[in-house]
Every structure is written in structure tokens, then in C-alpha cells.
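Now for the letters of each chain:
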Amino acid sequence: MQTLSVVVTTPPSSYLTITAIDFIKGAIEAGIDVVGIFFYQDGVLNASANLSIPNDEFQTANEWQKLHTIHNMSLHVCISACEMRGLTDEIDVDGNSPSGNNDQQSNINQYFTVSGLGELVELTSKSQRMVQF
Amino acid sequence: MPISFKNNASKNIAIINSSSTINNASKESLDAALIYGSYEQNIALFFQGEGVRQLIKNQKTEIVKVKNFLKTMAALEFYDIENIYVCKKSLIERGLIEDFHIENIQLLDVSEFSNKLHLHHVILRF
């Protein structure tokens, strides 16, 4: 079986992100084993738990969620890239949340797995092909 | 023609750097390179276009409030990342002289640069 991993480096509003989603869906339909998706650079913004995009726009967040829940796809986000962009899984509940919203301890979407660059290396070696968007 | 390879076979990984020093992509590409190095992967760095600026000596990024990550490039040698290729044409186009802050740099003309790149199975670009 052919194996593929995908690196996403573009934010939710980018057309490249939509192309990445189409590409991944196409690969699944073609019977390719997509071993994992790694979000790096501005790609980590896809993992924000606070995304709200107008209804008439393409809902990238829903698509990532579906890939995870329906196809059991691993969505890895690089935590150091997250932290540089204000996303963290360690918001201080004692009142130091950057947004002032202390109801949540993480602003990273639950469908994403908090990972490091080591996961990028793993995916590189686990898949026959790696494609970056 | 694409190079095919089996699972777990050792792959040659190339990282293309074409972003200038003052760009998050440059720091994030260095972070990725060092991790591949620490996992003892076959990794090579390719600098072209604006990316060649990252290698020039004596840059004071603090002036524009950018943390100086260029110092970290000294660690490349420590992780045995010795294949560092630079597009000579990109230097000439920018009027830059070959005065670099790291060692082991190989200057290549456009066709040599392309030939080297074709020896790699995985290409990431920043």
C-alpha cells in the first residue's frame, strides 16, 4: 500500500489549505494510506479553538474535524510554532490567559494532537512520500 | 523521473531556504533542520533567492526587533549537517560577497544546484 504524509504550512484562510484538504481527500479515495498530517508555520493556525469564519466561506475547520473523526486522521500541530502564534495548551487558569478568557485551559482545538518537530521526522520516515502545502 | 523508495529506507531530505533573514520561515526551517539532524537523518540545506541573505556575516537583526536566530546556525556542524548548498547566482544578483558566518558552504551554479536537489527524496521549502 502506498503511504503519504502531508505538511500544512498555510493558515485556514489560504486557498492552499483548501487544496491540501482536497488533496488528502483524493488520496484517501485513491486508497492511499495517509499516515498523518503535520501543521507547521502558519499552518498551526488551523488548530485554533477560536476560529469563526463566515458561513459563506469554505469551512476548513469542519473539514479537518471530519478528516479526524471519519477517517481517524492524526492532525499533529507543532507546539513551538503554536506558541509563537498565541496558541497554547497551557493557559494559566489562575488568570494569566492572554485573551482574559479563563474558562478554557487550551486554545488548541481538541481534534488536533499537540506534537513537536520530532513528529515531522517520524512522518518523513514512515511515509513513502511527503507533500508540503 | 521521480525516485522511488521503500518504507523505512533511508531518505535524502532537502530543505530549501528562500526566505530572507527577517522572516519567521527562516527560523522555523532552521529548527526543522536541527531536529532532522538530531535524529541522524540525511539532511541537506539549499539556500537560494532571498534565502542566501541568512548566511551573510554580521547581521544585526535586533535593530528590527527580530531575535537573532542566526547564531543557532553554528549548531549545524554539531549535528553533522555538512551538506549546505548555496546558489551562486542568487548571491551575484543581490550584490552579496561570499562572506559567510558558517563553515562548509558549497557554492553551486544553477545547474549544479538543480542536480543536487534532484538527488533528494523529500523536499521541504521555507
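None of the values given here were measured: they were computed from a predicted structure.

Peer 1: I'd like a description of unusual backbone geometry, backed by residues and values.
Peer 2: All names here are of chain B. Positive phi values are uncommon outside glycine, yet N58 reaches one of about 55°. By secondary structure assignment, the location of N58 is in the loop between β2 (42-47) and α2 (75-78). Although it is not a glycine, N104 sits at a positive phi angle of roughly 65°. Note on placement: N104 falls in the loop between α3 (88-93) and β4 (105-108).

Peer 1: Which residues make up the interface of chain B and chain A, and what values do they have?
Peer 2: Counting from both sides, the interface comprises 17 residues of chain B and, opposite them, 15 residues of chain A. Those elements giving two or more residues to the side of chain B that touches chain A turn out to be α1 (24-38) and β5 (122-125) of chain B. With 7 residues, α1 of chain B is the single largest residue contributor to the side of chain B that touches chain A. In terms of residue class, the side of chain B that touches chain A is built from 9 nonpolar, 4 polar and 4 charged.

Peer 1: Give a detailed account of the packing of helix α1 (residues 15-29) of chain A against helix α2 (residues 60-71) of chain A, specifying residues and quantitative values.
Peer 2: Residue and element names in this part refer to chain A. The interhelical angle for the contact between α1 and α2, taken along N-to-C directions, is 25°, at an axis separation of 10 Å. Regarding the angle of α1 to α2, the classification is roughly parallel. For α1 against α2, the interelement crossing comes out left-handed. On the side of α1, the interface is formed by T17, I18, I21, I24 and I28, while α2 contributes T60, E63, L67 and H71.

Peer 1: Kindly report on the sheet that holds strand β1 (residues 12-17) of chain B, identifying the contributing residues and their values.
Peer 2: Residues and elements named next belong to chain B. Strands sit in the order β4-β3-β2-β1-β5 across an open sheet of 5 strands; the sheet is parallel. Two strands bound the open sheet, and with one partner strand each, they are β4 and β5. The sheet shows a mean angle of 25° between the axes of neighbouring strands, direction not considered. In terms of strand pairing, β2 meets strand β3 (residues 83-87) through 4 bridges, oriented parallel. Note on β3: the bridge partner recorded for F46 is Y85.

The rules we used
- Residues numbered from 1 in each chain as written.
- Chains lettered and ligands numbered in written order.
- Predicted model: local features only at pLDDT ≥ 70, side-chain atom pairs only at ≥ 80, totals over all residues.
- Helix = DSSP H or I, 4+ residues; strand = E, 2+ residues; numbered from the N terminus.
- Contact = placed C-beta atoms within 7 Å.
- Nonpolar A, V, L, I, M, F, W, Y, C, P; charged D, E, K, R; others polar.
- Axes fitted to C-alpha atoms, helices over the stretch in contact; angles between N-to-C directions.
- Parallel < 35°, antiparallel > 145°, perpendicular 65-115°, else oblique.
- Left-handed = near helix turned anticlockwise from the far one by under 90°.
- Pairing = 2+ DSSP bridges.

These figures capture arrangement, not role.
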